[in-house]
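Coordinates in review
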Amino acid sequence: EKTAIIVGQGSVGSLVAMLLARLGVGRFLLLDRDTFGLVNISRHMLTCTDLGRYKVDAMRDLILRINPYAKVEVFRGWLQDVPAEMVSSVKNGIVVGTADHHGSNADANDLAELLGLPFVAIGCWKNAHAGAVFHWLPGRNMPTYGQANAQLIEEERRKEEERKRREEEERRSRMTTKYCFSLF
């Protein structure tokens, strides 16, 4: 029985999951921590009836409508937090990275390497101005996603740290302003 471990259930991940269900893949592990919102409507396989639901739960239901015999496990969280027992039994399948962050796709490739499974990453970049497809096969001496995209991953990490620093500065500024006004 083929298994698809799909990291990310955004627009690309949901399409991949739906198509693999239609092609007859019988077992899925869907990972994502986000809920389905209005910002997702225009480009996602889910519909208005799924608003507010966790993407993985709604996609599980969609897969089961396509193939009621499929086995679909979901994890609402980060790949790094997935219990080992959820992935350790996977011997025949593929890991698909469709996450928003290059670092998450690198982690998905690391999982594929650990399990000895092929890996593919598919994604569109911000505002869909570009996209990329990456593949890795076990035992072929190929660079992993993390190795091939080390510069992008580091740049993404720096931007995230800068964003968090700015948010903290803004929070402190609001607190200082609030405190100053409370003195009067």
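Use the structure listed above.
A brief structural summary. All values derive from a computational prediction rather than experimental measurement. (Residues numbered from 1 in each chain as written. Predicted model: local features only at pLDDT ≥ 70, side-chain atom pairs only at ≥ 80, totals over all residues. Heavy atoms only, no water.)

**A short note on the environment of Tyr54**
With respect to the helices and strands, Tyr54 occurs in the loop between strand E2 (27-31) and helix H2 (55-66). In this structure, the C-alpha to C-alpha distance between Tyr54 and Asp32, residues 22 residues apart in sequence, is 8.1 Å. With residues near it in sequence (within four places) discarded, Tyr54 still touches Arg33, Asp34, Thr35 and Arg76. (Helix = DSSP H or I, 4+ residues; strand = E, 2+ residues; numbered from the N terminus. Contact = heavy atoms within 4.5 Å.)

**Re H2**
In a regular helix each residue adds 1.5 Å, so twelve residues correspond to 16 Å; H2 covers 17 Å between its end C-alpha atoms and thus fits that length. Those residues of H2 that fall on the buried side of the exposure criterion are Lys55, Val56, Asp57, Ala58, Met59, Leu62 and Ile63. Elements that come into contact with the buried residues of H2 comprise helix H1 (11-22), E2 and strand E3 (71-75). (Expected span 1.5 Å × (residues − 1). Buried < 20%, exposed > 50% of the residue type's maximum accessible area, 1.4 Å probe, protein only.)

**Some points on the nonpolar core**
Grouped together as the largest cluster of nonpolar side chains are 23 residues, with contacts concentrated most on Ile6, Leu20, Phe28, Leu30, Ile63 and Val72. Every element with two or more residues in this core is listed here: strand E1 (3-7), H1, E2, H2 and E3. It is H1 that contributes the most residues to this core, six residues altogether. Setting aside anything within four residues of it in sequence, one finds Phe28 in contact with Ala4, Ile6, Ala17, Leu20, Ala21, Ile63, Ala70, Lys71, Val72 and Glu73. Core analysis: the next-biggest nonpolar cluster, separate from the first, contains 22 residues, Phe75, Val82, Ala108 and Leu111 among them. (Core = buried A, V, L, I, M, F, W, Y, C linked by side-chain atoms within 4.5 Å.)

**Points about the pairing of E1**
The buried fraction of E1 is high, at five of five residues. One ladder, built from five bridges, connects E1 with E2; its direction is parallel. Each residue of the ladder has a partner; that of Ala4, found in E2, is Phe28. Traced from E1 through H1 to E2, the parallel crossover comes out right-handed. Of the strand pairs in this sheet, E1 and strand E4 (residues 93-97) are connected by five bridges, and their pairing is parallel. If you follow Ile6 over to E4, its bridge partner there is Val96. (Pairing = 2+ DSSP bridges. Right-handed = clockwise from strand over helix to strand, strands pointing away.)

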